[in-house]
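What follows is each chain in one-letter form.
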Amino acid sequence: MAKEDYYELLGVDKNASADELKKAYRKMAVKWHPDKNPGDADAEAKFKEISEAYEVLKDPEKKAAYDRYGHAAFTQGGMGGAGRSAGGAGGFHDPFDIFREVFSGGGARAGGGGGGIFEEFFGGGGGGGGADAGQDGADLRFDLEISLEEAASGVEKEIRYRRPVTCSNCKGEGAEPGSGRKTCPTCGGAGQVSSSRGFISFRQVCPTCGGAGQVIENPCTKCSGDGRVTETSNLKIKIPAGVDTGSRLRSGGKGEAGIRGGHSGDLYIVVHVKEHKLFERRNDNLYLDLKIPFTLAALGGTLEVPTLTGKGSIKVPPGTQSGTTFRLKGKGMPHLRGSGTGDQMVKVAIDVPKKLNSEERTALEAFAKACGDETDSSSGGGFFKGIFK
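As the structure is a prediction and not an experimental result, all values here were calculated from the model. (Residues numbered from 1 in each chain as written. Predicted model: local features only at pLDDT ≥ 70, side-chain atom pairs only at ≥ 80, totals over all residues. Heavy atoms only, no water.)

Student: For helix α10 (residues 358–370), give the residues involved together with the corresponding values.
Tutor: Relative to the 18 Å expected for 13 residues at 1.5 Å per residue, α10 spans 18 Å between its end C-alpha atoms, a close match to the ideal helical length. N-cap assignment for α10: the residue whose side-chain oxygen lies 3.2 Å from the backbone N of Glu-359 is Asn-357. Of the residues trailing α10, Gly-372 is marked for its positive phi of about 80°. (Helix = DSSP H or I, 4+ residues; strand = E, 2+ residues; numbered from the N terminus. Expected span 1.5 Å × (residues − 1). Polar contact = N/O pair within 3.5 Å; in protein donor to acceptor, adjacent residues only side chain to side chain.)

Structure follows, in structure tokens:
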């Protein structure tokens, strides 16, 4: 059976950054980890495959070889020896070696030092993250709805949202002031615990200390030892002119507070522009459907039309047909990136009156007669006469 593409396994494209690769692998590893899927041979095989994929793609030399030759780069002597150049002096490990390394975290790799893939996420082989190992806060999302007029001119908004912030009582330490931490009794300060399944050794984050290697003696009464409390935050943000639905604004450090000195996450504001009762937006142009009297369409003249900023006018030439579109230059939306403004497109439809008074009817009949149009088609004249003659 052909091996699945490494990029497809991790759900990333070939231009993914190192951080994107790591995040993708972390997500997949958590999903398919054998500890979460005990006795599931398919999950174990999947975990083995994604671990192999990450081992290759995180190494610039191996990634370059894979991008050029594919899986053949790591066969013995494949593609002119690409496998040896990509994997180091001893060549690339077979999948089982990687699988064993991921769980054990030990053993030297050809062309590299010891430790497994999980070591990058959970700490080195000798010990855990330590008491000072911080955890970055998560990013947050806020959906903000604005009007089309606000999107056109730009606007400042104040938003309110709830987020975890550093506890003011313990300053994020999680312990009551005056107390501290002690070595974790479960892992002995290593931050990780080991277990064996037959001949395979597994290492995982200590469930007691969460990888910190230490536990709190006297948890903070305000945050219950978490180091953070949830509060409502107010934030003023400037929405630039030209934004559209789906535009994202980032406010650095306004997401969840980090744990034990970790960096705060960011806040992403996702803009949603409400539908307008008159205008339809397509990129930076605005579209307006407008009915005009048939007399104006026939005789021509000047038509006043609404715009986002007030009123504009267009010249309607005599004989204008229904469906004709006129352009108002510069009356659309401003370009979000760069200078300039889109246009407003006005599509006209002929408005035929549903009722006529006697004076209007008389005048219209006289007009029809002057044009040679019979109002009664049963006589075979006028319009039908032109068709069937």
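Student: Help me get a handle on the packing of helix α2 (residues 18–32) against helix α3 (residues 41–57), residues and values and all.
Tutor: Packing of α2 against α3 leaves a shortest axis separation of 9 Å and a crossing angle of 165°. Relative to α3, α2 is oriented roughly antiparallel. The hand of the α2/α3 crossing is left-handed. Residues Leu-21, Lys-22, Tyr-25, Met-28, Ala-29 and Trp-32 of α2 lie in contact with α3, whose contacting residues are Ala-43, Lys-46, Phe-47, Ile-50, Ser-51, Tyr-54 and Leu-57. Partitioned by chemical class, the residues of the contact of α2 with α3 number ten nonpolar, one polar and two charged. (Axes fitted to C-alpha atoms, helices over the stretch in contact; angles between N-to-C directions. Parallel < 35°, antiparallel > 145°, perpendicular 65-115°, else oblique. Left-handed = near helix turned anticlockwise from the far one by under 90°. Contact = heavy atoms within 4.5 Å. Nonpolar A, V, L, I, M, F, W, Y, C, P; charged D, E, K, R; others polar.)

Student: Residue-level account of unusual backbone geometry, with values.
Tutor: Positive phi, close to 60°, is recorded for Lys-171, a residue that is not glycine. By the secondary structure assignment, Lys-171 is in the loop between β2 (155–166) and β3 (181–183). Backbone geometry places Ser-224, a non-glycine residue, at a positive phi of 60°. Mapped onto the secondary structure, Ser-224 falls in the loop between β6 (214–216) and β7 (228–239).

Functional significance is not addressed by these values, which are geometric in nature.
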